[in-house]
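# Notes for the structure review
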Amino acid sequence: MDNKFSTDISIKELIDKHNISKEIINKNKLILTKYINNHIDCDIKKPCKQNKKGFKSLLIYENKRFYIKFDSCVHQKKYLKQNQWKKNYIFYDFDDKYLNIKQNNFKNNDFFKRNDQFNKFLKKIDKGLYIWGDSNMGKTTISLLLSNKLAKKNFKVFFCNWTNFISLLKEGSPQIYWNKIKKSQVVILDDVGSEDISKWTRDEIMLPLLNLCVMQNKLIIINSNYSLKKLKFNYLNAKNNTDNENAKINSSKIINRIEKLCELIKIQ
Ligand SMILES: [Zn+2]
């Protein structure tokens, strides 16, 4: 046997495993030489050495023939493993850079140290959160941090800015977005109450969404500039109200659902 073939570990392994004859080796000389000349093993501690970054050649033996296949190198495998959690996002509408947001980027970081409510929440995850307080208190940042943490814990997450979500539903194909919500285990709504509240957004979007969360036992995280009392007032006074009794009933239902689904957290 040609010595250069038997000294290659992958080739030797295949020869031993399949009891490959010298004759077959000779017939496959070209492909084996090609494999030896091009195959590189990466060292994870050093930069990727592959010609096509992230992919290394792999030798396969089938039906008395050798083949070269491409597979992830150690660098690509590490990258895929580190980023796998991002696939748990069923939908998000924030910039990709926020996928890498860190707790210590958070300007109101002492809030986390002072208040163990979020850590408790992340340990138990049995009830959602209604996070409210004045604007510029970092409510969106908190929601983004929690959202990424939940995705890393393997929850299927739907994250959207509430005003943006309503625009998406208006643009057509609302069923696409409702289906995404149905597929998610966690629904995160950013800045609820800042939308142009109308009878439609209240009765056809917010209430059905909360009903869905109750029925399908979904975790919901809402952040808002408004207390529940003020939010209820805003829903009561929605645009295009035609029926005061209906406005009262649905506004109360929305607030009751939120109270049922969420722990209230005031950021100050
Ligand atoms: Zn590599």
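Keep in mind it's a predicted model, so treat the numbers as computed, not measured. (Residues numbered from 1 in each chain as written. Predicted model: local features only at pLDDT ≥ 70, side-chain atom pairs only at ≥ 80, totals over all residues.)

Bringing the nonpolar core into the picture now. Within the largest apolar cluster, 41 residues are counted, with the highest numbers of intra-cluster contacts made by V157, F158, I188, I220 and I222. With six residues, helix 8 (residues 139-152) is the single largest residue contributor to this core. Setting aside residues no more than four positions away along its own chain, V157 makes contact with N88, Y89, I90, S147, L150, A151, S184, V186 and I188. (Core = buried A, V, L, I, M, F, W, Y, C linked by C-beta atoms within 7 Å. Buried ≥ 20, exposed ≤ 12 C-beta atoms within 10 Å, placed from the backbone. Helix = DSSP H or I, 4+ residues; strand = E, 2+ residues; numbered from the N terminus. Contact = placed C-beta atoms within 7 Å.)

Let us now look at the packing of helix 12 (residues 228-236) against helix 13 (residues 244-261). Contact pair helix 12 / helix 13: the axes reach a minimum separation of 9 Å and the direction vectors enclose 150 degrees. Classified by the interaxial angle, the pair formed by helix 12 and helix 13 is roughly antiparallel. In the packing of helix 12 onto helix 13, the handedness of the crossing is right-handed. Residue-level contacts link L228, L231, K232, Y235 and L236 of helix 12 to A247, K248, S251, I254, I255 and I258 of helix 13. Each residue belonging to the contact of helix 12 with helix 13 can be placed in one class, and the counts come to eight nonpolar, one polar and two charged. (Axes fitted to C-alpha atoms, helices over the stretch in contact; angles between N-to-C directions. Parallel < 35°, antiparallel > 145°, perpendicular 65-115°, else oblique. Left-handed = near helix turned anticlockwise from the far one by under 90°. Nonpolar A, V, L, I, M, F, W, Y, C, P; charged D, E, K, R; others polar.)

We note that N19 has phi near 50 degrees; this positive angle belongs to a residue other than glycine. If you trace the backbone, N19 turns up in the loop between helix 2 (9-18) and helix 3 (22-27). Among the residues examined, N19 registers 7 C-beta atoms within 10 Å and is labelled exposed.

As for its position among the elements, I24 is in helix 3. The class for I24 is partly exposed, based on 15 C-beta atoms found within 10 Å. Sequence-wise, I24 and R65 are 41 residues apart; in three dimensions their C-alpha atoms are separated by 7.7 Å.

Our focus in this paragraph is the environment of N26. Tracing the backbone through its elements, the reader meets N26 in helix 3. A count of 12 C-beta atoms within 10 Å places N26 in the exposed class.

Moving on, we come to the pairing of strand 6 (residues 186-192). Across the seven residues of strand 6, six count as buried, placing the element largely inside the fold. As paired elements, strand 5 (residues 157-161) and strand 6 share five bridges and run parallel to each other. Each residue of the ladder has a partner; that of V157, found in strand 6, is V186. Here strand 6 runs beside strand 7 (residues 219-224); their pairing, made up of five bridges, is parallel. Along strand 7, the bridge assignment pairs L189 with I222. As for the winding sense of the linkage, the β-α-β connection from strand 6 through helix 11 (residues 199-215) to strand 7 is right-handed. (Pairing = 2+ DSSP bridges. Right-handed = clockwise from strand over helix to strand, strands pointing away.)

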